[in-house]
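Coordinates in review
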Amino acid sequence: MTASAWLEVLDETLDACRSHGREDLVQRLRRRRDRPPGATRVAVLGFPKQGKGYLVNAVLNAPVCAVGDAATPAVPVEIGYSAEPAATLVGRGNERVPVPVEKLTGELGARPPGSLRRVEVGVPRELLSAGLVLVDTPAIGDPRSPRTAAALDVLADADAVVLVSDATTPLSEAEVALAHHVRTWCPHVVVALTKIDVCASWRAVAERDRALLAGAGIDSPVLPVSATVRMAAAKAGDQDLNSRSGFPPLLTWIAEQAARPPEHTSAVLAALSVRAATAELVETLRARAELAGQDAGVDQTTLLHRAQRKADELRKRNTRWQNLLADEIGDLQSDAEYDLRERTRKIVETIDETFDKGDPVKVWDEFGPWLDKTLAEAVETNYNFTADRAEWIAQAVAAAFGAQYDLHDLRLGESGAELIADVRQPRIEGFKIGQKLFTGLRGSYGGVLMFGLVTSLAGLPLINPVSLGAGAAFAAKTISDEGGMRLQRRQAVAKMTAQRHVDDVFLRFSKECRDAIRSVQRKLRDHFTGLAEELADQLARERETIIAGSAERERRMVKLRREIERLAGLHQRAGELGVLAGRAPRELPA
């Protein structure tokens, strides 16, 4: 297998991932393609509290990774060979900050979250001298957490993976799923069963783990180990104890990964990555094809009938809301006018009662403000009644049209009650002293003359006590009659003035009330007519789409099938390259 062959397949897969918007797969494949030759990277993955840090420290026989209750880094820790212990923090911008190894934990804790890309640690260990790099990853947990993403991102560069699980319980479903995912992207995976020194039934657990992995189609060995025994053996220099720790087989497996020919490893990893990426893309496209098939399962006639039913329902709704609007607006106009008429009629009755008994000259100063205030209250009350009823009509029409639509602001404007002009006081005059004297003289003249002529027949002079007395009586009666007539005229003028003012207010505000109601009617009519037209347009477009949809769905299905076939071809070519590289891959199901 030549490098150009798998590079060609890898680049085609990169283009396919890019065209389908899978930037995550693009980044993984690009890192796999651009990976520098030489070093062998073995990643160590696992869920929390499985003994991952202890295992790495035991492999290197050095306290490199944080263990126990110590805070673990949220980024991968890459451990390679160095003549002297050294540590470097690599930031997001690839800036490198050397730190003392003994202060590494403190430096990591002082860095803000998300500021680091990885940590590089160098230790003088012969195991690492051939270019081997152990990558300790953050614990895997919530799929949405940055720690899990950082751990799984290591798979893009890993040549082999040590999946850590403790011996207290068999592999969980999540661990088996993780092993399956890791095996999809990396061909060399071993399950390290840790803590066998504290679990007497570790042999049964190991057998159970092997059965679970085999059942999931994962051909990965299970190696029971004890980091505690390994560290004790190293401290005591006891080779027998070291053998019982289980680490020699694990170290042999790691050494085998480092001893693989680089070109062989690159070819196998490229083939596996291409197959994994194309499998994910094919799965996505099959889901789309299945969805498109479900749409295609509904024939065009059914869709057209469905659209026709929607159109018929829209016409019925249009008839309902238009009839309701016309009826309610007519009723509101009638009720509003009757309400204002009734209120002003009662005011007129009070005016009549007031001036039937009272003299306008005496009561007008009190009557005028009362009339202005009462008319303003009547208009304001009538306005509030009209506004509330208009709002209710809007809600009723909206319910008849469809409750899913919001209404515009249909509140009426200000009532204008404060703009009512004050009632103008009529020109009314009292019965003054001079007018009374003149009226009295006129009445007394007739009385003196009439009784003076009668008494002259008896020989009395024209002016005598009798005629003078009669003149006085006639003067008093004339003054009284004239005063009564003048009062009636003032009362009539005051009534007429007040009633005319009430009529003016009624005419003005009844007109404004009708205009406001008509305005509400126009707003509602325009609003719901616009919505009905918009829905009608949508239904028309839906009908056109249905008519043209069959051909479009068929074109889309053909395109999806062709793309799936192309990706399946890439998957098969990657499998053939994997076979050439010495590994028999599983075939992608058709």
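Residues numbered from 1 in each chain as written. Predicted model: local features only at pLDDT ≥ 70, side-chain atom pairs only at ≥ 80, totals over all residues. Heavy atoms only, no water.

1. Description of the overall build of the protein
Stated formally: Helix and strand assignments come from DSSP, with helices taken as H or I runs of at least 4 residues and strands as E runs of at least 2, each series counted from the N terminus. For the radius of gyration, the atom set is restricted to C-alpha positions; the globular benchmark scales as 2.2 Å times the number of residues to the power 0.38. Between buried and exposed lies partly exposed: a residue is buried under 20% and exposed over 50% of the maximum accessible area for its type, with that area taken using a 1.4 Å probe on protein chains only. In what follows, residue pairs with any heavy atoms lying within 4.5 Å of each other are defined as contacts.
Helix and strand counts for the protein stand at 15 helices and nine strands. Taking 25 Å as the expected radius of gyration for a compact globule of 590 residues, we find that the protein reaches 52 Å, considerably beyond that expectation. Along the longest, intermediate and shortest principal axes, the C-alpha atoms of the protein span 180 × 65 × 45 Å. Taken over 590 residues, the protein has a buried fraction of 44%. A fraction of 78% describes how many contacts in the protein between residues 6 or more apart in sequence connect residues 24 or more apart.

2. Comments concerning the pattern of salt bridges
Counted only if it meets this: Within this document, salt bridges are pairs made up of a side-chain nitrogen of Lys or Arg and a carboxyl oxygen of Asp or Glu, the two lying within 4 Å of each other.
All told, the structure shown has 34 salt bridges when counted by the stated rule. Arginine 22 is paired through a salt bridge with glutamate 280; the nearest N and O atoms lie 2.9 Å apart. Residue arginine 22 is located in the loop between α1 (3-19) and α2 (23-33), and its partner glutamate 280 is located in helix α11 (residues 262-297); the two are separated by 258 residues in the primary sequence. Note that arginine 345 and glutamate 342 form a salt bridge whose closest N and O atoms lie 2.7 Å from each other. In this pair, arginine 345 and glutamate 342 both sit in helix α12 (residues 300-357), three residues apart, roughly one turn of the helix.

3. Re the sheet that holds strand β8 (residues 189-194)
The criterion, for reference: At least two DSSP bridges between two strands are needed for those strands to be called paired. Note on geometry: axes are lines fitted to C-alpha atoms, helical ones only across the stretch in contact, with angles between N-to-C directions running from 0 to 180 degrees.
Read from one edge of the open sheet, nine strands run β4-β3-β5-β2-β6-β1-β7-β8-β9, paired in mixed fashion. The open sheet has two edge strands with one neighbour each: β4 (96-99) and β9 (222-224). For this sheet, the mean inter-axis angle between neighbouring strands, taken without regard to orientation, is 25 degrees. Contacts from helix α6 (residues 173-185) reach β1 (40-46), β7 (160-166) and β8 within the one sheet, and its direction differs from that of β7 by about 175 degrees.

4. Details of the pairing of β8
Which entries qualify depends on this criterion: Handedness rule for crossovers: strands pointing away from the viewer, path from the first strand over the helix to the second running clockwise, crossover right-handed.
Burial analysis of β8 places six of its six residues in the buried class, the great majority of the element. Across the two faces of β8 the burial is the same, with Val189, Val191 and Leu193 and Val190, Ala192 and Thr194 all buried. Where β7 lies against β8, six bridges are found, and the strand directions are parallel. In the sheet register, serine 165 faces β8, and the bridge partner there is leucine 193. Crossover β7 to β8 through α6 is right-handed. Pairing of β8 with β9, which is carried by three bridges, proceeds in the parallel orientation. Paired with valine 191 across the strands is valine 222, a residue of β9. In this region the chain leaves β8, passes through helix α7 (residues 202-215) and returns to the parallel neighbour β9; the handedness of that crossover is right-handed.

5. Focus: the packing of helix α3 (residues 52-60) against helix α8 (residues 227-236)
Note the cut-off: Should an angle lie under 35 degrees it is considered roughly parallel, over 145 roughly antiparallel, and from 65 to 115 roughly perpendicular; all remaining angles are considered oblique. The sense of a crossing depends on the near helix, which, turned anticlockwise from the far helix by less than a right angle, makes the crossing left-handed and, turned clockwise, makes it right-handed. Here the term charged refers only to Asp, Glu, Lys and Arg, the term nonpolar to Ala, Val, Leu, Ile, Met, Phe, Trp, Tyr, Cys and Pro, and the term polar to all other amino acids, Gly among them.
At their nearest, the axes of α3 and α8 sit 9 Å apart, and the two run at 25 degrees to each other. As summarised for this structure, α3 and α8 are arranged roughly parallel, according to the angle between their axes. Considering the relative orientation of α3 and α8, their crossing is left-handed. Of α8, the residues touching α3 (which contributes Tyr54, Leu55, Asn57, Ala58 and Val59) are Ala227, Arg230 and Met231. Of the residues assigned to the contact of α3 with α8, the class counts are six nonpolar, one polar and one charged.

6. What to know about the environment of tyrosine 54
By the element assignment, tyrosine 54 lies in helix α3. According to the relative accessible area criterion, tyrosine 54 is partly exposed, its value standing at 44%. On a C-alpha basis, the gap between tyrosine 54 and alanine 227 in space is 5.9 Å, while along the polypeptide they are 173 residues apart. Setting aside its immediate chain neighbours within four residues, tyrosine 54 contacts Val67, Gly68 and Ala227.

7. Quick notes on helix α14 (residues 433-456)
What counts here: A helix is expected to span 1.5 Å for every residue after the first.
Helix length check: α14 (24 residues) gives 33 Å between terminal C-alpha atoms against 34 Å at 1.5 Å per residue, within 8%. For α14, the full list of buried residues reads Thr439, Gly440, Gly443, Ser444, Gly447, Val448, Gly452 and Thr455.

8. Observations concerning the pairing of strand β5 (residues 116-123)
For a regular strand, the rule is simple: side chains alternate between the two faces of the sheet. Here β5 lies mainly inside the structure; six of its eight residues are buried. Sheet analysis places strand β2 (residues 77-81) next to β5, joined by five bridges and oriented parallel. Bridge pairing in β5 places isoleucine 79 opposite valine 121. Examined bridge by bridge, strand β3 (residues 86-91) and β5 share six bridges and lie antiparallel to one another. Bridge assignment links leucine 89 to a residue of β5, and that residue is valine 119.

9. A closer look at the nonpolar core
Heads up, the rule is: Side-chain atoms within 4.5 Å are what join buried Ala, Val, Leu, Ile, Met, Phe, Trp, Tyr and Cys residues into a set we call a nonpolar core.
Ranked by internal contacts, the top residues of the largest apolar core, which has 38 residues, are Leu55, Ile79, Val121, Val162 and Leu250. Once residues within four sequence positions are removed from consideration, valine 162 is found in contact with Val42, Ala43, Val44, Leu45, Leu55, Val190, Ala192 and Trp253. Membership of the second largest hydrophobic core comes to 31 residues, among which are Val176, Leu178, Ala179 and Ala206.

10. Details of the packing of aromatic side chains
Using the following cut-off: Any pair of Phe, Tyr and Trp rings, taking the six-membered ring for Trp, is counted once the centres come within 6.5 Å. Such a pair is stacked with planes under 30 degrees apart, edge-to-face with planes over 60 apart, and tilted for the rest.
Tallied over the entire structure, the rule returns seven aromatic pairs. Look at tryptophan 321 and phenylalanine 401: their rings are 6.4 Å apart centre to centre, the planes differ by 75 degrees, and that puts the pair in the edge-to-face class. You can see tryptophan 321 sitting in helix α12 and its partner phenylalanine 401 sitting in helix α13 (residues 360-401), a full 80 residues away along the chain. Residue tryptophan 321 shares its accessibility class with phenylalanine 401, and that shared class is buried.

11. What about the confidence of the model for the protein?
Heads up, the condition is: pLDDT expresses, on a scale from 0 to 100, how confident the predictor is about each individual residue.
Per-chain confidence: the protein averages 83 in pLDDT, with 93% of residues scoring 70 or above. For the protein, per-element mean pLDDT is lowest for α11, which scores 77, and highest for β9, which scores 94.

12. Some thoughts on unusual backbone geometry
The backbone phi angle of asparagine 94 is positive, close to 65 degrees, even though this residue is not glycine. Its location among the elements puts asparagine 94 in the loop between β3 and β4.

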